[in-house]
Amino acid sequence: MENLFENEYLMERKYYKEYVLNVLCKKIIITGLLVMIFGLIFTVFVGLEDAKIVLTAAIIAGIASILTPVVTIKQLEDTEKRLNNGKIEKTKVIFSDNIVMVEGKVHWEFEDNQITKIVETKSFIVLRLSENSAILVLKDGFVKGTQEEFSKFINEKIK
């Protein structure tokens, strides 16, 4: 079968940030901030002496919600460089019978039924495979087909 859609992009730091903050670590960030807010409010109403443990948990949750995305972005960048011999390579995503991702010399192949959810961010259509992995399709990166055609196509396939 011929390639229906082709998408290409160079993964820049701004894209890592967008993916991590809006998709990959979103639950951690929200949960951490809520625990922190609850802990601070609880401390105000109960008093510092009686709420030291809750305040400590609130501070740890707040720090974790800030540090987790920073560490995750760094790990993703390091992993990409390690896989591609120290370079940031162009990512190509090809949709035909299967979904093929090529990044330098690294090659992955996925079936449509592996996609569990579709999430959109400012720059990406994110095809979630699990809580921790996804296929990123850059909205402005189509070299074959258009974003509008692709959105319709993938939403119909994944229903």
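For the structure, check the block above.
From a predicted model like this one, the values you see are computed outputs, not experimental measurements. (Residues numbered from 1 in each chain as written. Predicted model: local features only at pLDDT ≥ 70, side-chain atom pairs only at ≥ 80, totals over all residues. Heavy atoms only, no water.)

Here we take up the pattern of salt bridges. Overall, the coordinates contain 9 salt bridges when judged by the stated rule. The partner of Glu77 in a salt bridge is Arg13, and the shortest N-O contact between them spans 2.9 Å. Here Glu77 is found in helix α3 (residues 52–83), whereas its partner Arg13 is found in helix α1 (residues 13–24), with 64 residues between them in sequence. For Glu77, a relative accessible area of 13% gives the class buried. Accessibility expressed as a relative area gives 43% for Arg13, which makes it partly exposed. Two residues, Lys27 and Glu131, come together in a salt bridge whose shortest N-O distance is 3.6 Å. Taken together, the positions of Lys27 in helix α2 (residues 26–46) and Glu131 in the loop between β6 (124–128) and β7 (134–138) put the pair 104 residues apart, joining distant regions of the chain. In this structure Lys27 comes out as exposed when scored by relative accessible area, which is 58%. (Salt bridge = Lys/Arg side-chain N within 4 Å of Asp/Glu carboxyl O. Helix = DSSP H or I, 4+ residues; strand = E, 2+ residues; numbered from the N terminus. Buried < 20%, exposed > 50% of the residue type's maximum accessible area, 1.4 Å probe, protein only.)

Residues Leu33, Ile37, Ile41, Val44, Phe45 and Val46 make up a contiguous nonpolar surface patch of about 580 Å² in total accessible area. In this fold, Phe45 is placed in helix α2. For Phe45, a relative accessible area of 70% translates into the label exposed. (Patch = residues over 30% accessible without salt bridge, like charges linked within 9 Å, V, L, I, M, F, W, Y side chains within 5 Å. Areas by Shrake-Rupley, 256 points an atom, 1.4 Å probe, with all protein chains shown as cover.)

This part is about the sheet that holds β7. On the basis of which strands lie adjacent, the open sheet formed by 3 strands has the order β5-β6-β7 and antiparallel pairing. In this open sheet, the two edge strands, each paired with only one partner strand, are β5 (117–120) and β7. In this sheet, adjacent strand axes meet at a mean angle of 20° when their direction is disregarded. Both β5 and β6 contribute to a ladder of 4 bridges, which runs antiparallel. Bridge assignment links Ile118 to a residue of β6, and that residue is Leu127. Lying on the sheet, α1 is in contact with β5, β6 and β7; it crosses β6 at an angle near 55°. (Pairing = 2+ DSSP bridges. Axes fitted to C-alpha atoms, helices over the stretch in contact; angles between N-to-C directions. Contact = heavy atoms within 4.5 Å.)

Reading across from one edge, β4-β3-β2-β1-β8 is the order of the 5 strands in this open sheet, with antiparallel pairing throughout. Either end of the sheet is taken by a strand with one partner, and the two such strands are β4 (106–110) and β8 (142–144). Neighbouring strand axes in the sheet, compared pairwise and without regard to direction, differ in orientation by 20° on average. Sheet analysis places strand β3 (residues 99–103) next to β4, joined by 5 bridges and oriented antiparallel. Residue Ile99 lies in a different strand from β4, and its bridge partner there is Phe110.

If you check which residues of α1 are buried, you get Tyr15, Tyr16, Glu18, Tyr19, Val20, Val23 and Leu24. Close packing links the buried residues of α1 with β1 (5–10), α2, α3, β5, β6 and β7.

Moving on, we get to the nonpolar core. Among the nonpolar cores identified, the biggest contains 33 residues, and Phe95, Phe124, Val126, Leu127, Ile135, Val137 and Phe150 are the most heavily contacted of them. At the level of elements, β1, α1, β2 (90–95), β3, β6, β7 and α4 (147–158) are the ones that each hand at least two residues to this core. Among the elements that take part in this core, α1 stands out by supplying 6 residues, more than any other. Apart from the residues within four sequence positions on either side, Val137 is in contact with Asn7, Phe95, Ser123, Phe124, Ile125, Leu127, Phe142 and Phe150. (Core = buried A, V, L, I, M, F, W, Y, C linked by side-chain atoms within 4.5 Å.)

Don't take any of this as a statement about function, it's just geometry.
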